[in-house]
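# Observations on the three-dimensional arrangement
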Amino acid sequence: MSAPSMTLYHNTLSPFVRKVMVLLHETGQQDRVALQDCVLSPVSPDPALIADNPLSKIPALRLADGNVIHDSRVILEYLDQQHVGNPLIPREGAARWRRLTLASMADGIMDASVMVRYETVLRPVEKHWDEWLDAQRDKIRRALAVLEQDAIAELTSHFDVAAISVACALGYLDLRFPDLDWRAANPQLTNWYFEVSQRPSMVATMPKS
Ligand code: BEZ
């Protein structure tokens, strides 16, 4: 085994980082990346991280040549072009746009979830904006309903960028919002998620709070 040639700004709780980690495992590249853990705060950024990503967002990936790429979508594209197996992001055609759109839906669930998390945990309670929080939760529920009704066969067909992204979004809901009870309204997603959760890539990247 050779020394890692890339460094990933990392936090085990971030669903966006988890997507990258799952892809690394699925494509056998996990030993190519060293992990640099970040403690994240929206108001006091990590100095090492902002030197490499002024937006102070993870994941960011420092490549062997010193260049840094972000965000998670760009990193997934990059890493998917660095292995010799079947691509996990279709390179062209209708499949590419469909799978990336499903992945984008999952990213939207993560975005809304992380914003709700920040608003409810970090903001003083008297400043909470309940209507806005409800609107974020509605986004999550609507996107899950579309995945349940329209996309389950596509998710089941192969574990690619779309499936990885949806699995990481559901994992984050389990971690931070068990009371949302997403399984109650989404039985097919529930069964699918149960299956994919057992993949070694998902087990190895399970968030620990
Ligand atoms: C969390 O603790 O929920 C979290 C951590 C890093 C990124 C996003 C969310």
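Small disclaimer: the values here were computed from a predicted structure and weren't measured.

### Some details on unusual backbone geometry
- A cis amide bond, omega 0°, links Ile58 with the succeeding residue Pro59.
- That bond from His70 to Asp71 is cis: its omega, 5°, falls within 30 degrees of zero.
- With phi around 60°, Ser56 is a residue other than glycine that occupies positive phi space.
- Following the sequence through the fold, Ser56 ends up in the loop between helix H2 (47-52) and strand S3 (60-62).
- Judged by relative accessible area, which is 18%, Ser56 ranks as buried.
- For Asp181, which is not a glycine, the phi torsion comes out positive at approximately 50°.
- Inspection of the secondary structure puts Asp181 in the loop between helix H7 (161-176) and helix H8 (182-185).
- The exposure class of Asp181 is partly exposed, given its relative accessible area of 45%.

### Remarks on the pattern of salt bridges
- Going through the model one piece at a time under the given rule, you end up with 12 salt bridges.
- Note that Arg199 is salt-bridged to Glu26, the shortest N-O span being 2.9 Å. Placement of Arg199 in the loop between helix H9 (187-196) and helix H10 (200-204) and of Glu26 in helix H1 (residues 15-26) is noted, with a sequence separation of 173 residues between them.
- Members of the salt-bridge network, linked through shared partners, are Lys19, Arg73 and Asp107.

### Structural notes on the domain arrangement of the protein
- Its domain assignment divides the protein into domain 1 (6-80) and domain 2 (93-200).
- A separation of 21 Å is found between the C-alpha centroids of domain 1 and domain 2.
- Across the contact, 12 residues belong to domain 1 and 20 residues belong to domain 2.
- Carbon and sulfur atoms supply 65% of the area that domain 1 and domain 2 bury against each other, a total of about 1,400 Å² over both sides.
- Counting the surface domain 1 buries against domain 2, the share from its top three residues, Pro15, Phe16 and Lys19, is 33%.
- Linking domain 1 with domain 2 are 4 salt bridges.
- Put simply, Arg73 and Asp107 hold a salt bridge, and the shortest N to O gap is 3.1 Å.
- Counting across the interface, domain 1 meets domain 2 through 4 residue pairs in polar contact (both at pLDDT 80 or more).
- For the side of domain 1 that touches domain 2, the secondary structure elements donating two or more residues are H1 and helix H3 (72-80).
- By residue number, the principal contributor to the side of domain 1 that touches domain 2 is H1, which donates 7 residues.
- Considering only residue class, the side of domain 1 that touches domain 2 consists of 7 nonpolar, no polar and 5 charged.

### Examining the site of the ligand
- Neighbouring the ligand are the residues Leu13, Ser14, Leu40, Arg117, Tyr172 and Arg176.
- Between the ligand and the protein, one listed contact pairs an oxygen atom with a side-chain N or O atom of Tyr172 at 2.5 Å.
- Between Arg176 and the ligand, the recorded distance is 2.7 Å, taken from a side-chain N or O atom to an oxygen atom.
- Coverage of the ligand by the protein amounts to 89% of the 260 Å² it exposes when considered alone.
- When its residues are assigned to classes, the shell around the ligand shows 3 nonpolar, 1 polar and 2 charged.

### Describing the nonpolar core
- Leu61, Leu170, Leu173, Leu189 and Trp192 are the most contacted members of the largest nonpolar core, which has 59 residues in total.
- The element best represented in this core is H7, accounting for 11 residues.
- Residues within four places of Leu189 in sequence aside, it is in contact with Leu144, Leu147, Glu148, Ile152, Leu155, Val166, Leu170 and Trp182.

### Quick notes on the sheet that holds strand S1 (residues 6-10)
- Reading across from one edge, S2-S1-S3-S4 is the order of the 4 strands in this open sheet, with mixed pairing throughout. Either end of the sheet is taken by a strand with one partner, and the two such strands are strand S2 (33-37) and strand S4 (68-69).
- Contacts from H1 reach S1 and S2 within the one sheet, and its direction differs from that of S1 by about 145°.
- Each of S1, S3 and S4 is contacted by H3, which is oriented at about 40° to S3, the strand it contacts most.

Rules of the game
Residues numbered from 1 in each chain as written. Predicted model: local features only at pLDDT ≥ 70, side-chain atom pairs only at ≥ 80, totals over all residues. Heavy atoms only, no water. Helix = DSSP H or I, 4+ residues; strand = E, 2+ residues; numbered from the N terminus. Buried < 20%, exposed > 50% of the residue type's maximum accessible area, 1.4 Å probe, protein only. Salt bridge = Lys/Arg side-chain N within 4 Å of Asp/Glu carboxyl O. Domains from an automatic or database assignment. Contact = heavy atoms within 4.5 Å. Buried area = accessible area lost by both parts, 1.4 Å probe. Polar contact = N/O pair within 3.5 Å; in protein donor to acceptor, adjacent residues only side chain to side chain. Nonpolar A, V, L, I, M, F, W, Y, C, P; charged D, E, K, R; others polar. Near = heavy atom within 4 Å. Areas by Shrake-Rupley, 256 points an atom, 1.4 Å probe, with all protein chains shown as cover. Core = buried A, V, L, I, M, F, W, Y, C linked by side-chain atoms within 4.5 Å. Pairing = 2+ DSSP bridges. Axes fitted to C-alpha atoms, helices over the stretch in contact; angles between N-to-C directions.

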